[in-house]
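Notes for the structure review
Each chain, letter by letter, is given below.
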Amino acid sequence: MSKKLTVPDIIEMKKEGRKISMMTAYDYPTGMFIEKAGINTILVGDSLAMTVLGYEGTIPVTVDEMIHHTKAGARGAKNPFIIADMPFGSYNTTEEKAIDNASRFLKEGMADAVKLEGGTEMAGITRAVVDAGIPVLGHIGLTPQTVAQLGGYKVQGRGEERAQKLMEDAKALEDAGAFGVVLECIPLGLAGEITEAIGIPTIGIGAGVHCDGQVLVYNDVMGLFDKFTPKFVKPYADLGDQILKALEQFKKEVEEEVFPGEEYSFK
Ligand code: KIV
């Protein structure tokens, strides 16, 4: 049985050039599958607002909802290192509120760490949460909670000035004690430069191959969410299609009295 990673193990993986694989999970069965596949880090992303709860964006999801799903994922995955996304409004206000909410993810949600969106402007909050003993994963580039400010879901960091800002963001998060940083939707060359420039792992999503690890949203990967599919998503399965076919077949068999046949009935 492999053992749960720790923060130093994750940082060591970068030093040794071992890639980090991370997948989102929002429930018990997904946690189990991820563990069985040997993926050693799980993100309970606030993307669940859209992929599981049917909201239009990530803003409405609450700490209670996130904790509910974090706990479920964690019950299915004993070994993977579990990072819970802190929802909008739960950390980007005061240090005290950020620490209190982050603590809940560890105490109630069975998480090992939390993720916060934002760069230099979140460095103070990141430092406060880390100093309270809670590991923090940063998240820069396309940050879905502030997508309206960014002008939509599009590539970030194009142009000298914007690229420089992302480099400063990554360094500020490292200085603030984050154990890693998600780079979302940025050009692969810039992601490579940031990865070289900092000592903590970068986890890419739409940020190319030079990152120290990769994360994708489970529902995108499995073909379970078709509202929109970003260019960086590689579909590894089409479960949505299989589920639909199975449900249609069930309906047909019920209507035609094919199901339940004798083998599914008691005499
Ligand atoms: O919420 C989420 O799933 C995320 C990933 C896209 C990194 O933040």
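Every residue gets a number counted from 1 within its own chain, in the order that chain's sequence is written. Per-residue local features of the predicted model are confined to residues with pLDDT of at least 70, and side-chain atom pairs are confined, for both listing and counting, to 80 or more; whole-chain, interface and lining totals are unaffected and use all residues. Excluded from the side-chain calculation are hydrogens and water; included are all heavy atoms of the structure.

Quick word on the side chain of Gln156
Rules: In this text, helices come from DSSP runs of H or I with a minimum length of four residues, and strands from runs of E with a minimum of two, each type numbered from the N-terminal end. For every residue, the accessible area (1.4 Å probe, protein chains only) is compared with the maximum for its type, and the residue is labelled buried under 20%, exposed over 50%, or partly exposed between those bounds. In protein, a polar contact means a hydrogen-donor-capable atom and an acceptor-capable atom, both N or O and within 3.5 Å, with residues adjacent in sequence counting only if both atoms are side-chain atoms; elsewhere, any N or O pair within 3.5 Å suffices. Every residue pair with non-hydrogen atoms within 4.5 Å of one another is taken to be in contact.
Checked against the element boundaries, Gln156 lands in the loop between α7 (147–150) and α8 (160–175). Taking relative accessible area as the criterion, Gln156 reaches 12% and is therefore assigned buried. Polar contacts involving the side chain of Gln156 include one to the main-chain carbonyl oxygen of Lys154, which spans 2.8 Å. In contact with Gln156, not counting residues within four places along its chain, are Gly141, Leu142, Leu150, Leu166, Cys185, Ile186 and Pro187.

Side note on the site of the ligand
Keep this limit in mind: Residue proximity to a molecule or strand is established when one non-hydrogen atom of the residue lies within 4 Å of it. Per-residue and other accessible areas were derived by the Shrake-Rupley procedure at a 1.4 Å probe size, with only the shown protein chains allowed to occlude residues.
Lining the immediate surroundings of the ligand are Thr24, Leu43, Gly45, Asp46, Ser47, Asp85, Lys115, His139, Glu184, Ile205 and Val217. In this structure, an oxygen atom belonging to the ligand sits 3.1 Å away from a side-chain N or O atom of Asp46. In the environment of the ligand, an oxygen atom lies 3.1 Å from a nitrogen or oxygen atom belonging to the side chain of Asp85. Its free accessible area being 260 Å², the ligand has 96% of it covered by the protein chains.

Quick notes on unusual backbone geometry
A cis amide bond links Phe259 with the next residue in sequence, Pro260, at an omega value of -5°. Of note, Pro260 is situated in the segment after α11 (239–255). The phi angle at Cys185 is positive, at roughly 55°, despite the residue not being glycine. Here Cys185 lies in the loop between β6 (180–184) and α9 (188–197). Classification of Cys185 as buried rests on a relative accessible area of 10%. The backbone phi angle of Glu257 is positive, close to 60°, even though this residue is not glycine.

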